[in-house]
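# Coordinate analysis (summary)
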Amino acid sequence: MAGKSRAHLWGAHVVAWLLKKLGKWSDGSRTRLGQGLTFLATRLAKRRMHIARTNLRLCFPNWRAEQIEEVAQQQMRLFVQSAVDRSRFWFGPSSVFTDNITQIDRAYYDDALAKNVPIIVLAPHFVGLDAGGVCLNAEREMVTMYQKQSNPVFDQLMLEGRGRSGMAHLYSRHDGVRQLFKLLKKNYPLYYLPDMDFGRKDSIFSEFFGQTAATLTALPKLAGLTQALIVPCVTRIDTEALARGQTKYIMQFYPAWVGYPQGSEEEAVRQMNQFIEARIVEDPAQYLWMHKRFKTRPEGMAGVY
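A quick note: this is a predicted structure, and the numbers were derived from the prediction, not measured.

What follows deals with the overall build of the chain. For the chain, the helix and strand inventory stands at 12 helices and 9 strands. Here the C-alpha atoms of the chain give a radius of gyration of 19 Å, agreeing with the 19 Å that 2.2 N^0.38 yields for 305 residues. Along the three orthogonal principal directions, the C-alpha set of the chain runs to about 50 × 45 × 45 Å. Burial status across the chain gives 51% buried among its 305 residues.

Tallied over the entire structure, the rule returns 14 salt bridges. A salt bridge links Arg86 to Asp130; its shortest N-O distance comes to 3.1 Å. Highlighted residues: Arg86 in helix H4 (residues 65-91) and Asp130 in helix H7 (residues 129-137), separated in sequence by 44 residues. The buried category is assigned to Asp130, whose relative accessible area is 8%. Beyond isolated ion pairs, a larger network of salt bridges with shared partners links Asp27, Arg30 and Asp85.

The next thing to look at is the side chain of Thr31. Turning to its location among the elements, Thr31 is positioned in helix H2 (residues 27-44). When near neighbours in sequence (up to four residues on either side) are disregarded, Thr31 contacts Arg77, Gln81, Leu242, Gly245, Gln246 and Thr247.

Attention now goes to empty space enclosed by the protein. Tallied over the full model, the rule gives 2 cavities of 30 Å³ or more. The computed volume of the largest cavity comes to approximately 80 Å³. Taken together, Leu129, Asp130, Gly133, Val134, Thr144, Met145, Arg162, Tyr191 and Leu193 make up the lining of the largest cavity. For the lining of the largest cavity, the secondary structure elements donating two or more residues are H7 and strand E3 (142-145). Among the elements that line the lining of the largest cavity, the one with the most residues is H7, at 4 residues. Of the residues in the lining of the largest cavity, the class split is 5 nonpolar, 2 polar and 2 charged. In this structure, the second largest cavity spans a volume of roughly 40 Å³. Every residue along the wall of the second largest cavity is listed here: Asn55, His125, Asp195, Met196, Tyr287, Leu288, Trp289, His291 and Arg293.

With that settled, consider the pairing of strand E8 (residues 229-237). E8 sits mainly inside the fold: 9 of its 9 residues count as buried. Because side chains alternate across E8, one face comprises the buried residues Leu229, Val231, Cys233, Thr235 and Ile237, and the other comprises Ile230, Pro232, Val234 and Arg236, equally buried. Where strand E2 (residues 119-122) meets E8, 4 bridges bridge the pair, whose relative direction is parallel. Bridge pairing links Leu122 to Pro232 in E8. Pairing of E8 with strand E9 (residues 249-253), which is carried by 5 bridges, proceeds in the antiparallel orientation. For Arg236, the partnering residue across the bridge sits in E9 and is Ile250.

A negative phi angle characterises most non-glycine residues, just as the trans form characterises most peptide bonds. Across the junction of Tyr260 and Pro261, the peptide omega takes the value 5°, indicating a cis bond. Structurally, the position occupied by Pro261 is in the loop between E9 and helix H12 (265-282). Positive phi values are uncommon outside glycine, yet Phe209 reaches one of about 55°. Residue position: Phe209 is located in the loop between strand E6 (203-208) and strand E7 (211-216).

Turning next to the environment of Asn62. As for its position among the elements, Asn62 is in the loop between helix H3 (46-59) and H4. Along the sequence, Asn62 and Pro298 sit 236 residues apart, while their C-alpha atoms lie 24 Å from each other.

Vacant regions in the atomic arrangement are exposed by a probe of water-molecule size rolled over the atoms. There is about 1,400 Å³ of room inside the largest pocket. Lining the largest pocket are 47 residues, and of these His125, Gln147, Leu193, Met196 and Phe198 sit closest to its centre. Mapped by element, the contributors of at least two residues to the lining of the largest pocket are H4, H7, helix H8 (152-162) and helix H10 (218-226). In terms of residues, the lining of the largest pocket owes the most to one element, H4, which gives 6 residues. A breakdown of the residues in the lining of the largest pocket according to their chemical character gives 24 nonpolar, 10 polar and 13 charged. What lines the second largest pocket is Leu37, Leu40, Ala41, Met76, Phe79, Val80, Ala83, Val84 and Arg86. Only H2 and H4 provide two or more residues apiece to the lining of the second largest pocket. Looking at the lining of the second largest pocket, the element that brings in the most residues is H4, giving 6 residues.

Rules used in this analysis
- Residues numbered from 1 in each chain as written.
- Predicted model: local features only at pLDDT ≥ 70, side-chain atom pairs only at ≥ 80, totals over all residues.
- Heavy atoms only, no water.
- Helix = DSSP H or I, 4+ residues; strand = E, 2+ residues; numbered from the N terminus.
- Rg over C-alpha atoms; globule rule 2.2 N^0.38 Å.
- Buried < 20%, exposed > 50% of the residue type's maximum accessible area, 1.4 Å probe, protein only.
- Salt bridge = Lys/Arg side-chain N within 4 Å of Asp/Glu carboxyl O.
- Contact = heavy atoms within 4.5 Å.
- 1 Å grid on protein atoms, 1.4 Å probe; cavity = no way out; pocket = protein on both sides within 12 Å on 5 of 7 lines; lining within 4 Å.
- Points joined across faces, edges and corners; volume = space filled by probe spheres on them.
- Nonpolar A, V, L, I, M, F, W, Y, C, P; charged D, E, K, R; others polar.
- Pairing = 2+ DSSP bridges.

Now the structure itself:
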């Protein structure tokens, strides 16, 4: 076991070294690498492809099998490219944030910042999530979500990449909410990732595309405690640019949710899910379908994966 552990660490060091080198590659070279890795991933990552197909069948029951397969393949292509592009956004030149990212309706975010109040940037798990977060953090001190990795090399790599600005307060859900609450009250914007299944703790079951999904309740709780404005932001890969061999991203901001939450916690969580659903329908392949969104099931309900 010790030898296997050392091999994993050695392999992780190699991947980390390569990722840092890739940050200096041209767009065309990274695009071609993404194409090659996608070819391998669709054949080797069979479990992830199965999860994506299952999620799509559950969320879009009227789709034909061919449509589900097409979107699953597209999702893998975009996911792999976004993973390769992290090298650019984590370790490339600072000009990457103006050269490779277009911000649309940025005024919604700027108007919220001008109010000098707590802000939560609601950032669902679309493929450009990392690019958008690092881009915003390059401008100002802010809090960004961070999922601790079991491999210490990858854990350090993520900390280094997401914290490249030197202005990032990296927050894990395991850290508790006290420090997060304090930072929000100091008006540091929070880049919040709301839509993964972390089990029953701190979650309720809410509808998501007609399915029952364990959904974190942190957004309405934090907003209620801090009176924060919710500014949604979705970051996608520009697929037209990708077809030309360019790695471009589009950050789309949306009007702030003023007075959120209203009504019950269940209603507030459902509002969040409805917003995410509407964004997914606009371009389904951009969403992270390879995550087990319906892993946690109500008592007596069979698993789907």
